[in-house]
Amino acid sequence: MCGFAGFSDTIHTKAEKEAILRRMTDRIIHRGPDMEGYFFTEECEAPAVALGFRRLSIIDLEGGH
(Lines give C-alpha, C1' and ligand atoms only; values in the text may rest on other atoms or scores of the structure.)
Protein backbone atom coordinates (compact mmCIF):
# COMPACT_ATOMS: atom_id res chain seq x y z
CA MET A 1 0.00 0.00 0.00
CA CYS A 2 0.98 3.67 0.08
CA GLY A 3 3.57 5.09 2.44
CA PHE A 4 3.95 8.52 4.01
CA ALA A 5 6.90 10.31 5.66
CA GLY A 6 7.39 13.76 7.11
CA PHE A 7 9.07 15.98 9.66
CA SER A 8 9.09 19.48 11.14
CA ASP A 9 12.28 21.55 10.89
CA THR A 10 13.40 25.17 11.26
CA ILE A 11 17.15 24.68 10.83
CA HIS A 12 17.76 23.30 7.33
CA THR A 13 17.31 25.03 3.98
CA LYS A 14 14.56 23.89 1.62
CA ALA A 15 17.12 22.06 -0.54
CA GLU A 16 18.43 20.20 2.51
CA LYS A 17 14.89 19.36 3.64
CA GLU A 18 14.11 18.02 0.17
CA ALA A 19 17.22 15.81 0.22
CA ILE A 20 16.30 14.46 3.68
CA LEU A 21 12.70 13.80 2.65
CA ARG A 22 13.74 12.06 -0.58
CA ARG A 23 16.02 9.74 1.43
CA MET A 24 13.13 9.02 3.78
CA THR A 25 10.71 8.18 0.96
CA ASP A 26 13.37 6.15 -0.88
CA ARG A 27 13.54 3.93 2.22
CA ILE A 28 9.81 3.13 1.84
CA ILE A 29 9.77 2.69 -1.95
CA HIS A 30 8.46 -0.86 -1.41
CA ARG A 31 5.26 0.77 -0.06
CA GLY A 32 4.57 2.53 -3.36
CA PRO A 33 6.91 2.35 -6.34
CA ASP A 34 4.43 3.80 -8.85
CA MET A 35 4.29 7.47 -7.87
CA GLU A 36 5.82 9.94 -5.44
CA GLY A 37 4.99 13.42 -4.22
CA TYR A 38 6.41 16.08 -1.91
CA PHE A 39 5.07 19.11 -0.04
CA PHE A 40 6.96 21.83 1.85
CA THR A 41 5.43 24.71 3.79
CA GLU A 42 6.69 28.16 2.99
CA GLU A 43 9.25 29.64 5.34
CA CYS A 44 7.41 31.39 8.17
CA GLU A 45 7.46 31.93 11.93
CA ALA A 46 6.02 28.48 12.65
CA PRO A 47 8.14 25.34 12.20
CA ALA A 48 8.39 24.35 8.56
CA VAL A 49 6.82 21.04 7.60
CA ALA A 50 8.01 18.59 4.93
CA LEU A 51 5.73 15.74 3.80
CA GLY A 52 6.29 13.01 1.22
CA PHE A 53 4.48 9.94 -0.04
CA ARG A 54 4.91 6.90 -2.26
CA ARG A 55 1.91 5.48 -4.13
CA LEU A 56 1.16 1.92 -5.12
CA SER A 57 -1.26 1.79 -8.06
CA ILE A 58 -3.72 -0.99 -7.36
CA ILE A 59 -7.05 0.75 -7.89
CA ASP A 60 -7.76 3.53 -10.41
CA LEU A 61 -4.55 3.05 -12.37
CA GLU A 62 -5.29 5.76 -14.95
CA GLY A 63 -6.89 8.52 -12.87
CA GLY A 64 -5.23 8.06 -9.50
CA HIS A 65 -2.93 11.06 -9.63
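Let me begin by describing the structure that accompanies this report.

Thresholds, definitions, all that
- Residues numbered from 1 in each chain as written.
- Predicted model: local features only at pLDDT ≥ 70, side-chain atom pairs only at ≥ 80, totals over all residues.
- Heavy atoms only, no water.
- Helix = DSSP H or I, 4+ residues; strand = E, 2+ residues; numbered from the N terminus.
- Contact = heavy atoms within 4.5 Å.
- Areas by Shrake-Rupley, 256 points an atom, 1.4 Å probe, with all protein chains shown as cover.
- Core = buried A, V, L, I, M, F, W, Y, C linked by side-chain atoms within 4.5 Å.
- Buried < 20%, exposed > 50% of the residue type's maximum accessible area, 1.4 Å probe, protein only.
- Pairing = 2+ DSSP bridges.
- Axes fitted to C-alpha atoms, helices over the stretch in contact; angles between N-to-C directions.

## Some words on the overall build of the protein chain
Right, so step 1: When helices and strands are counted, the protein chain shows one helix and three strands.
Right, so step 2: Tracing the protein chain from N to C terminus, the helices and strands come up as β-α-β-β.
Right, so step 3: Of the contacts formed within the protein chain by residues at least 6 apart in sequence, a portion of 49% connects residues at least 24 apart.
Right, so step 4: As presented, the protein chain carries roughly 4700 Å² of accessible surface, and 59% of it is formed by carbon and sulfur atoms.

## With respect to the nonpolar core
Right, so step 1: Counting residues in hydrophobic clusters, the biggest one holds five residues: Ala5, Phe7, Leu21, Phe40 and Ala50.
Right, so step 2: Not counting chain neighbours up to four residues away, the residues in contact with Phe40 comprise Lys14, Lys17, Glu18, Leu21, Val49 and Ala50.

## Some remarks on the sheet that holds strand β2 (residues 35-40)
Right, so step 1: Strands sit in the order β1-β3-β2 across an open sheet of three strands; the sheet is antiparallel. A strand with exactly one partner marks an edge of an open sheet, and here the two such strands are β1 (3-9) and β2. The mean angle between the axes of side-by-side strands here comes to 10 degrees, regardless of whether they run parallel or antiparallel.
Right, so step 2: Pairing of β1 with strand β3 (residues 48-55), which is carried by seven bridges, proceeds in the antiparallel orientation. Counterpart to Phe7 in the pairing with β3 is Ala50.

## Some words on the environment of Ser57
Right, so step 1: Considering the arrangement of structural elements, one finds Ser57 in the segment after β3.
Right, so step 2: Its relative accessible area of 23% is what places Ser57 among the partly exposed residues.
Right, so step 3: Between the C-alpha atom of Ser57 and that of Asp34, which follows or precedes it by 23 residues, the distance is 6.1 Å.

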